[in-house]
Protein chains: 2
Amino acid sequence: MKASLRGIKALTFDVFGTVVDWRGSLIEEGKRLGRRKRIKADWAAFADAWRGGYRPAMDRVRRGELAWTNIDGLHRIILDGLLPRFGLDALTEAEKHHLNRAWHRLAPWKEAVAGLKRLKKKYVIATLSNGNVALLTNMAKHGGLPWDCVLSAELFGHYKPDPESYQGAARLLGLAPEEVLMVAAHKDDLDGAARAGLRTAFVQRPLEFGDAAKKDVAFEPRFDVNAKDFVDLARKLGC
Amino acid sequence: MKASLRGIKALTFDVFGTVVDWRGSLIEEGKRLGRRKRIKADWAAFADAWRGGYRPAMDRVRRGELAWTNIDGLHRIILDGLLPRFGLDALTEAEKHHLNRAWHRLAPWKEAVAGLKRLKKKYVIATLSNGNVALLTNMAKHGGLPWDCVLSAELFGHYKPDPESYQGAARLLGLAPEEVLMVAAHKDDLDGAARAGLRTAFVQRPLEFGDAAKKDVAFEPRFDVNAKDFVDLARKLGC
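Residues numbered from 1 in each chain as written. Chains lettered and ligands numbered in written order. Predicted model: local features only at pLDDT ≥ 70, side-chain atom pairs only at ≥ 80, totals over all residues. Heavy atoms only, no water.

I'm lost on the pairing of strand 3 (residues 149-152) of chain A in this one. Help?
Looking along a regular strand, one sees the side chains alternate between the two faces of the sheet. All names here are of chain A. Here strand 3 shows no split at all, with Cys 149 and Leu 151 on one side and Val 150 and Ser 152 on the other all buried. Where strand 2 (residues 124-129) and strand 3 come together, four bridges link them in parallel fashion. When the sheet's bridge partners are listed, Ala 126 is paired in strand 3 with Cys 149. Running through helix 7 (residues 133-143), the crossover from strand 2 to the neighbouring parallel element strand 3 is right-handed. (Buried < 20%, exposed > 50% of the residue type's maximum accessible area, 1.4 Å probe, protein only. Helix = DSSP H or I, 4+ residues; strand = E, 2+ residues; numbered from the N terminus. Pairing = 2+ DSSP bridges. Right-handed = clockwise from strand over helix to strand, strands pointing away.)

Would you explain the environment of Ala 10 of chain A in this entry?
Residues and elements named next belong to chain A. Of note, Ala 10 is situated in strand 1 (residues 10-13). Residues Ala 10 and Glu 178, 168 residues apart in the sequence, show an inter-C-alpha distance of 9.8 Å. Sequence-distant contacts of Ala 10, defined by excluding residues within four places in its chain, comprise Tyr 123, Val 124, Leu 173, Leu 175, Glu 179, Val 180 and Leu 181. (Contact = heavy atoms within 4.5 Å.)

How should the side chain of Ser 129 of chain B be read in this particular structure?
All names here are of chain B. The residue Ser 129 is located in strand 2 (residues 124-129) in this model. Side-chain polar atoms of Ser 129 contact the backbone nitrogen of Gly 131, separated by 2.7 Å. If sequence neighbours within four positions are ignored, Ser 129 has contacts with Phe 13, Val 15, Phe 16, Leu 136, Leu 151, Ser 152, Ala 153 and Lys 160. (Polar contact = N/O pair within 3.5 Å; in protein donor to acceptor, adjacent residues only side chain to side chain.)

Would you mind showing me how to read the packing of aromatic side chains here?
The description of an aromatic ring pair uses the distance of the two centres, along with the angle that the planes make with each other. Per the counting criterion, the structure on display carries 24 aromatic pairs over all chains. An angle of 25° between the planes, with centres 6.0 Å apart, marks the rings of Phe 202 of chain A and Phe 223 of chain A as stacked. One end of the pair, Phe 202 of chain A, is in strand 5 (residues 199-203); the other, Phe 223 of chain A, is in the loop between strand 5 and strand 6 (225-227), and 21 residues separate them in sequence. Exposure class is identical for Phe 202 of chain A and Phe 223 of chain A. Each is buried. Where Trp 22 of chain B meets Trp 103 of chain B, the ring centres are 6.5 Å apart and the plane angle is 20°; that geometry is what we call stacked. On the criterion of sequence distance, the pair formed by Trp 22 of chain B in helix 1 (residues 22-37) and Trp 103 of chain B in the loop between helix 5 (93-100) and helix 6 (112-122) is long-range, its members being 81 residues apart. An aromatic cluster is defined as three or more aromatic residues linked by ring pairs; in this entry it consists of Phe 16, Trp 22, Trp 43, Phe 46, Trp 50, Tyr 54, Phe 86, Trp 103 and Phe 209 of chain A. One cation-aromatic arrangement involves Arg 205 of chain A over Phe 230 of chain A; the distance from NZ or CZ to the ring centre is 4.8 Å. (Phe/Tyr/Trp six-rings, centres within 6.5 Å; stacked < 30°, edge-to-face > 60°. Lys NZ or Arg CZ within 6 Å of the ring centre and 35° of its normal.)

What am I meant to see in the packing of helix 2 (residues 43-52) of chain A against helix 3 (residues 54-62) of chain A here?
How two helices sit against one another is set out by the angle between their axes and by the gap between those axes. Residue and element names in this part refer to chain A. At a closest axis distance of 5 Å, the pairing of helix 2 and helix 3 adopts a crossing angle of 15°. Overall, the two elements helix 2 and helix 3 adopt an arrangement that is roughly parallel. Residues Trp 50, Arg 51 and Gly 52 of helix 2 form the contact with helix 3, whose participating residues are Tyr 54, Arg 55 and Pro 56. Taken together, the residues that form the contact of helix 2 with helix 3 break down as three nonpolar, one polar and two charged. (Axes fitted to C-alpha atoms, helices over the stretch in contact; angles between N-to-C directions. Parallel < 35°, antiparallel > 145°, perpendicular 65-115°, else oblique. Nonpolar A, V, L, I, M, F, W, Y, C, P; charged D, E, K, R; others polar.)

Please clarify how the sheet that holds strand 4 (residues 180-184) of chain B should be interpreted in this entry.
Where strands meet in a sheet, backbone hydrogen bonds hold them as pairs that are either parallel or antiparallel. Residue and element names in this part refer to chain B. Pairing in this open sheet of six strands is parallel, and the strands run 3-2-1-4-5-6 from one edge to the other. For this open sheet the edge positions go to strand 3 (149-152) and strand 6 (225-227), each flanked by a neighbour on one side alone. Neighbour-to-neighbour, the strand axes of the sheet open up by a mean angle of 25°, direction not taken into account. Where strand 1 (residues 10-13) and strand 4 come together, four bridges link them in parallel fashion. Bridge assignment links Thr 12 to a residue of strand 4, and that residue is Met 182. On top of the sheet, helix 7 (residues 133-143) reaches strand 2 and strand 3; it is set at about 145° to strand 3, its chief contact. Here helix 8 (residues 163-172) sits on the sheet in contact with strand 2, strand 3 and strand 4, set at roughly 150° to strand 2.

Could you clarify how one ought to interpret the sheet that holds strand 4 (residues 180-184) of chain A in this entry?
Residue and element names in this part refer to chain A. Judged by pairing direction, the sheet is parallel, and its six strands sit side by side in the order 3-2-1-4-5-6 without closing on themselves. The open sheet has two free edges, formed respectively by strand 3 and strand 6, since each of these has just one partner strand. Strand after strand, the sheet turns through a mean of 25° between neighbouring axes, direction not considered. For strand 5 and strand 6, the ladder comprises three bridges, and the chain directions are parallel. Note that in strand 6 the partner of Ala 201 across the bridge is Val 225. Sitting on the sheet, helix 7 is in contact with strand 2 and strand 3, with an inclination near 145° to strand 3.

Take it as geometry only, folks, not as evidence of what the structure does.
Shown next, in the form of structure tokens:
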């Protein structure tokens, strides 16, 4: 293990795209719904449009234009805007609610659980996601994610990459920021963590957006660790 | 299962005394410390005095006389006051810090983990303790407690039995208060939960204070469930 990685006591994980395959899971949810309701739609486009609304909605909260709204709430606002375009306006309220909770049922990338189990033997492992606590808790139960602790931007009233979320996570874990390693497949998340004093681990997830050409997965010397996946990360952290 | 227990989706657990045996664990910590440092003391009296300072300290926070201080902080204030009486004033700062974190290493009652694993198959199981998040997270790792989610009064800035802590837990779990069952070995905690709209499960822990005569463990019809221990609770909840 590199000397620069000594003293780390906890790992905090971005979740959407880093731990779970939101795109593949939403496409599968769409296909199942389509078969059940006899709706034909481009479910990949649906997944991309739903996810595409997420950052702008969150940024409205971060700029103070929208009062604090958790991710279940933001997902629902975005979904409601997409229903006509994908032939979903005839869904009942219960069906819309169930569809919105597809984000509670996202499936882990295939080596994620095995990697987390190895990392958990040596470190405290926690989520640090913009997803709300209920979403992350249900997702962990659904996918068998063995978190020691579920932390969320919701607890701090600040979405990543605001520094309050990273610093709040370290504080709740009873640790100094430099004792916490933020793990993410997104470079802006890691840059936010680094500004808040955390250490950083980049994990490639080349297929997050479906087509590997759409994602920058180059390793970067500015991160403390660069890893292919969680099993590779465990190896590089000496687990 | 009784009809009055339908619709419950999550169980929140008091921890000190309900899940873990704080008294027996602190006595063992004291004995180990005594052997290592050649200190003779009445470790049962030490455990009782330390725990005895907890409620008054917390009530000072609840009344606003003391700014928000987490339980690690309150435990340390109480411990510092007890050091001379138990021959512990010569401990180094590192040793005092380690002793204060004895609360992170409390052992579960003997059937607790098995009971939680059964309950977890059917329900979301979460802590709802006045202990801080780091304490609860480390304790779970130490004792193998399989929580889906670690919730604490620390997240709400209000100690139990203030209603904000119970209502905050339900809100973070994305549930209505009546969908949450509070599990505790302390009747005042359950009465607080009931006032906040949660359902209630009493669990006897007759040896919490060492001598069974010191504790009121009578079942009460005002609680939704009364159980001997977590395995009995699992059975009564149909798990």
